[in-house]
Amino acid sequence: MAVLAGRFLFILPETLHLKKSLAMGKYSRVDGRKSSSYWSTVAVVIFVALCLAGVWMLMSSTVPPDDNSKPSTDNIANEVKQSGSENNSKQFEDSSGDLPEDATKEDSENQSGQDDQNEKLTERGSTAEDNKEEKAETENQDEKTDSQEEQKKEAENDGDGEATGGETNKSEQTESEESSGENKSESDDGASNSDAGESTNSNSQEDKDANQGEQSSTENNQASVEIFPAGSQLELLNETDSQNGAWSTQVVESQNEKDSQQSSISKDQHSHGWKTCNVTAGPDYIPCLDNWQAIRKLTSTKHYEHRERHCPEEAPTCLVSLPEGYRRSIKWPKSRDKIWYYNVPHTKLAEVKGHQNWVKLTGEYLTFPGGGTQFKHGALHYIDFIENSLPDIAWGKRSRVILDVGCGVASFGGYLFEKDVLAMSLAPKDEHEAQVQFALERGIPAILAVMGTKRLPFPGSVFDIVHCARCRVPWHIEGGKLLLELNRLLRPGGYFVWSATPVYQTLPEDVGIWEAMTELTKSMCWDLIVIKKDTLNGIGAAIFRKPISNECYNKRSKNDPPLCKESDDRNAAWNVPLEACMHKVPEDASERGAQWPEQWPQRSETPPYWLKSQVGVYGKEAPEDFTADYNHWKHVVSQSYLNGMGIDWSTVRNVMDMRAVYGGFAAALKDMKVWVMNIVPIDSPDTLPIIYERGLFGMYHDWCESFNTYPRTYDLLHADHLFSSLKNSRCKNLAAVVAEVDRILRPEGKLIVRDTVDIIGEIESMAKSLKWEIRMIYSKDNEGMLCVRKTMWRPTETETIKSAIM
């Protein structure tokens, strides 16, 4: 019996990879039927053979199908394993440049040389959840083995092994995607949305590549699972009834683990409380601008107080619904000319402004002819008209960052990209229905803001040009308070371009406004450089220039408008009331604002002259800090983000750096067809003036509150140690911040998080409960990186936000 058992165990491993070897043994079929030559001798041999037959039947039930059904899995897995170990260390080897170790933390691997090439790199789960991953892999192996066994039996019955093998490959691919937890909802809630998201995702080449890599990685892990015990564990095979014995079965263990994981997922979802927001604004909900409870309590709306920020006491943690029929946004630059109607299903603006070439409804698209009230014959002609009127404007060289007030649908800013100009376009919410939403859907920078009772969230003296095309802002009233706010924002020597009806029309109202503006601008020491008429569009433009010295201020006969107090900080902008005063122009040649920045693009790479030798954010002298930060992000972007994250950058247009420092991340992307909104949190070092000085733009924000934008407006969000800083501040509820990230991120948009391992694990857990796809996780020491992709999933359970019910 021992000899026969040894022969049996010798043959058995071959059955794992070559089905034909079964025919070479003593048994002609896998169902355990015996050859007649072994049963004609003695009863003892019969007894022995029956025992062997029983063992054979027990073990053959778990024999996997032959390799013909899956010819290339092992090769693919081996290739992924080999190539991954060589390439991943390069793709995720973030260089810290000259940044100090305590400032860069997660990027210190470059300084440690080749000894740190064995970074922990996974595509499923964080390093803190290795045990969970092992269980998940075992579960996947069990499910795949069951599926393979059923298909093998069908192949034997039908005699069509090749066809069944093809189906097996499809089934295995589907199971690999489902087991990842990224493309299939593990809950019945929102199943239709999830399916829609998966269908859309499957059309993307980046998804195919990512899923292929993920499938190969999963199969590689499964290939390492030992299906049968080693010879030293032979005693385990002698269990007469494993169901009732001391050892449990894989079926029971796997099912228990499935139940446990499903219960854990349900508890996780419940703990985060994801529900769909039940609000009057529906898919367009903006928490701080749709707080009707606060708006109804306002005593006045004279200064557009109802369009200013009124954030609820507690930031909402619900998810904003999707518009019916929503689909992936059209890529830039085609999106500049047309967008999907159902993504922004509003037609009021097309009805009111259609004759002025703002926007038109064309079938399933909203189209933008490139015109506007002031440039009916195209924005490019209007842009050239301005430069021809004053060549010193020099679009894309001297003039790089502008503020477009009352932007409409932002066609002006959209076409300025062709001139290498960034336009910060702003307009109030709903003054013309969804105009800012149109702009963002088109891929043009824009925010919701109103010049009311508070300063705009920008530092002083940063915009090269401020533009207003028939924006209907009453600049001259109340001592010129609103125009004085533009004076605060405009850098010395910068231009105010005003192409409104008072410039070129002679109606009594227009004449009165022009006279008031002329008097006001003179008292502000602005020089009227030129007034010119555009005969094609039938409009005119007046261009004013802010002084570059205090000489005019000192010669005024009346201190009206008054100069601001010396203690008044021109950079203070968060919830600071407007004042009708002017800040002095810097007189020290080394002070910011005393000199014009270098021309673009040199200014993006050159430390501002006024940084001098003060200590920078990372502890070095500021110019060195600036350069080290830029070199660091150039390396990270080129080596990791552009090549190693599986992101199709042709689908990325609107980008936000949620915690910008010097703007290095945005500067590293300057040659891409993207724009980056750089956010400097209000509790971070005030480096926003540096960002503007290098030809980029951004604004201040408090991430304990919602951002002034419509839902679904950004393709990629970048958060470098943002969440850990927020958790240590007054807003400790990261679920509310993640809900805000979900609100402003487009479906299929990406979130890249760089933070501590603990924070990465927390964000990953919430991302999974949101049904987001975990694209990449990377960890080194106590630092990590996470890349996730938002899906179409929405919860079916709703939460009514009382403050947002009109």
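Criteria and cut-off values
Residues numbered from 1 in each chain as written. Predicted model: local features only at pLDDT ≥ 70, side-chain atom pairs only at ≥ 80, totals over all residues. Heavy atoms only, no water. Helix = DSSP H or I, 4+ residues; strand = E, 2+ residues; numbered from the N terminus. Buried < 20%, exposed > 50% of the residue type's maximum accessible area, 1.4 Å probe, protein only. Contact = heavy atoms within 4.5 Å. Areas by Shrake-Rupley, 256 points an atom, 1.4 Å probe, with all protein chains shown as cover. Phe/Tyr/Trp six-rings, centres within 6.5 Å; stacked < 30°, edge-to-face > 60°. Lys NZ or Arg CZ within 6 Å of the ring centre and 35° of its normal. Pairing = 2+ DSSP bridges. Axes fitted to C-alpha atoms, helices over the stretch in contact; angles between N-to-C directions. Expected span 1.5 Å × (residues − 1). Salt bridge = Lys/Arg side-chain N within 4 Å of Asp/Glu carboxyl O. Arc of directions from axis to C-beta. Disulfide = S-S within 2.5 Å. Core = buried A, V, L, I, M, F, W, Y, C linked by side-chain atoms within 4.5 Å. pLDDT = per-residue confidence, 0-100.

**Concerning the overall build of the protein chain**
Here's step 1: Within the protein chain, the secondary structure is distributed over 25 helices and 20 strands.
Here's step 2: Counting every position in the protein chain, which comprises 806 residues, the buried fraction comes to 53%.
Here's step 3: For the protein chain, contacts bridging at least 24 residues in sequence account for 71% of all contacts bridging at least 6.
Here's step 4: Carbon together with sulfur atoms contributes 49% to the accessible area of the protein chain, which is approximately 35900 Å² in total.

**Here we look at the environment of isoleucine 801**
Here's step 1: Note that isoleucine 801 resides in the segment after strand 20 (798-800).
Here's step 2: Sequence separation of isoleucine 801 and valine 279 is 522 residues, and the distance between their C-alpha atoms is 6.0 Å.
Here's step 3: In contact with isoleucine 801, not counting residues within four places along its chain, are Asn278, Val279, Tyr285, Pro316 and Cys318.

**What to know about the packing of aromatic side chains**
Here's step 1: Counted by the stated rule, this structure contains 21 aromatic pairs.
Here's step 2: Their ring planes at 65° and their centres at 5.9 Å tell us that phenylalanine 368 and phenylalanine 438 sit as a pair that is edge-to-face. With a gap of 70 residues between them, phenylalanine 368 in the loop between strand 5 (365-367) and helix 12 (379-389) and phenylalanine 438 in helix 14 (residues 435-442) connect regions that are remote in the sequence.
Here's step 3: A relative accessible area of 2% places phenylalanine 368 in the buried class.
Here's step 4: With a centroid separation of 5.7 Å and an interplanar angle of 70°, the aromatic rings of tyrosine 382 and phenylalanine 412 are classed as edge-to-face. With a gap of 30 residues between them, tyrosine 382 in helix 12 and phenylalanine 412 in helix 13 (residues 411-416) connect regions that are remote in the sequence.
Here's step 5: Members of the aromatic cluster, connected to one another through ring pairs, are Tyr382, Phe385, Trp395 and Phe412.
Here's step 6: Against the face of tryptophan 610 rests arginine 592, its NZ or CZ located 5.8 Å from the ring centre.

**Focus on the sheet that holds strand 5**
Here's step 1: The strand order across the open sheet formed by three strands is 3-5-4, and the pairing between neighbours is antiparallel. The outermost strands of the open sheet, each flanked by one partner alone, are strand 3 (338-340) and strand 4 (360-362). Across the sheet, the mean angle separating the axes of adjacent strands is 30° when strand polarity is ignored.
Here's step 2: Pairing analysis gives three bridges linking strand 3 to strand 5, with the strands arranged antiparallel. Within strand 5, the residue paired with isoleucine 339 across the bridge is leucine 366.

**Some points on unusual backbone geometry**
Here's step 1: Put simply, tryptophan 332 and proline 333 share a cis peptide bond, and its omega is 10°.
Here's step 2: Among the structural elements, proline 333 can be located in the loop between helix 10 (292-295) and strand 3.
Here's step 3: In this chain, tryptophan 600 is followed by proline 601 through a cis amide linkage whose omega measures 5°.
Here's step 4: Tracing the backbone through its elements, the reader meets proline 601 in the loop between helix 18 (551-555) and helix 19 (602-605).
Here's step 5: The phi dihedral of alanine 410 falls on the positive side, at around 65°, and the residue is not glycine.
Here's step 6: Given a relative accessible area of 0%, alanine 410 falls into the buried group.

**Focus: helix 17 (residues 508-523)**
Here's step 1: Taking 1.5 Å of rise per residue, the 16 residues of helix 17 would be expected to cover 22 Å, and the 23 Å separating its terminal C-alpha atoms lies within 8% of that figure.
Here's step 2: Looking at the buried residues of helix 17, the elements they touch are helix 15 (481-489), strand 10 (490-498), helix 16 (501-504) and strand 12 (539-545).
Here's step 3: Positive backbone phi, approximately 70°, marks cysteine 525, located one or two places after helix 17.

**Considerations on the pattern of salt bridges**
Here's step 1: Under the definition given, this model contains 25 salt bridges.
Here's step 2: Here aspartate 290 makes a salt bridge to lysine 429, at a shortest N to O gap of 3.1 Å. With a gap of 139 residues between them, aspartate 290 in the loop between strand 2 (276-278) and helix 10 and lysine 429 in the loop between strand 7 (422-427) and helix 14 connect regions that are remote in the sequence. Across this residue pair, the class does not change: aspartate 290 and lysine 429 are buried.
Here's step 3: Two residues, aspartate 384 and lysine 419, come together in a salt bridge whose shortest N-O distance is 3.0 Å. Separated by 35 residues along the polypeptide, aspartate 384 in helix 12 and lysine 419 in the loop between helix 13 and strand 7 bring together distant segments of the chain.
Here's step 4: Among the residues examined, aspartate 384 registers a relative accessible area of 30% and is labelled partly exposed.

**Observations concerning helix 12**
Here's step 1: All of the buried residues along helix 12 are Ala379, Tyr382, Ile383, Phe385, Ile386 and Ser389. For helix 12, the buried positions fall inside an angular range of 155° around the axis, keeping them on one side.
Here's step 2: Next to the buried residues of helix 12 lie helix 13, strand 9 (463-468), strand 10, strand 11 (527-534) and strand 12.

**Considering the environment of isoleucine 477**
Here's step 1: Here isoleucine 477 lies in the loop between strand 9 and helix 15.
Here's step 2: As for isoleucine 477 and isoleucine 513, which are separated by 36 residues in sequence, their C-alpha atoms are 9.6 Å apart.

**A look at the state of the cysteines**
Here's step 1: The full count for this structure, using the stated rule, is six disulfides.
Here's step 2: Covalently, cysteine 525 is tied to cysteine 552 through a disulfide, its sulfur atoms 2.1 Å apart. Between cysteine 525 and cysteine 552 the disulfide shows an S-S torsion of about -85°. By sign, it is left-handed. With cysteine 525 in the loop between helix 17 and strand 11 and cysteine 552 in helix 18, the pair connects residues that are 27 residues apart, well separated along the chain.
Here's step 3: Here the bonded cysteines of the protein chain are numbered in sequence order, and their pairing is 1-4, 2-3, 5-6, 7-8, 9-10, 11-12.

**Here's the deal with the nonpolar core**
Here's step 1: By size, the foremost hydrophobic cluster in this structure holds 148 residues, and its most contacted members are Leu403, Phe458, Trp475 and Phe496.
Here's step 2: Ranked by the residues each element gives to this core, the list is headed by helix 24 (residues 734-744), at seven residues.
Here's step 3: Counting residues in hydrophobic clusters, the runner-up holds eleven residues, among them Ile339, Trp358, Val359 and Leu366.

**Section: the sheet that holds strand 8 (residues 446-448)**
Here's step 1: Read across the open sheet, the seven strands follow the order 8-7-6-9-10-12-11; overall the sheet is mixed. The open sheet is flanked by strand 8 and strand 11, the only strands paired with a single partner. With strand direction ignored, the average angle separating the axes of adjacent strands in the sheet is 20°.
Here's step 2: Relative to strand 9, strand 6 (residues 401-405) is paired through four bridges, and the arrangement is parallel. Its bridge partner lying in strand 9, isoleucine 402 is registered against isoleucine 465.
Here's step 3: Across the face of the sheet, helix 15 comes into contact with strand 6, strand 9 and strand 10 while running at roughly 135° to strand 10.
Here's step 4: Across the sheet, helix 17 is in contact with strand 10, strand 11 and strand 12; its angle to strand 10 comes to roughly 170°.

**Remarks on the pairing of strand 12**
Here's step 1: With respect to burial, strand 12 is a largely interior element, six of its seven residues being buried.
Here's step 2: Here four bridges tie strand 10 to strand 12, and the two strands are oriented antiparallel to one another. The residue of strand 12 that forms the bridge with valine 497 is isoleucine 543.
Here's step 3: Note: strand 11 against strand 12, seven bridges, orientation antiparallel. If you follow isoleucine 531 over to strand 12, its bridge partner there is alanine 542.
Here's step 4: Counted along the chain from strand 11 to the antiparallel partner strand 12, the turn is four residues long, and its residue glycine 538 has a positive phi close to 70°.

**Re the confidence of the model for the protein chain**
Here's step 1: The predicted model of the protein chain averages 76 in pLDDT, with 65% of residues at 70 or higher.
Here's step 2: Contacts of residues 263-270 to residues separated by more than four positions or lying in other chains number seven contacts, the stretch itself having pLDDT below 50.

**Concerning the side chain of aspartate 715**
Here's step 1: Note that aspartate 715 resides in strand 16 (residues 714-720).
Here's step 2: Non-local contacts of aspartate 715, meaning those with residues more than four positions away in its chain, are made with Thr651, Val652, Arg653, Asn654, Leu745, Arg746, Gly749 and Lys750.

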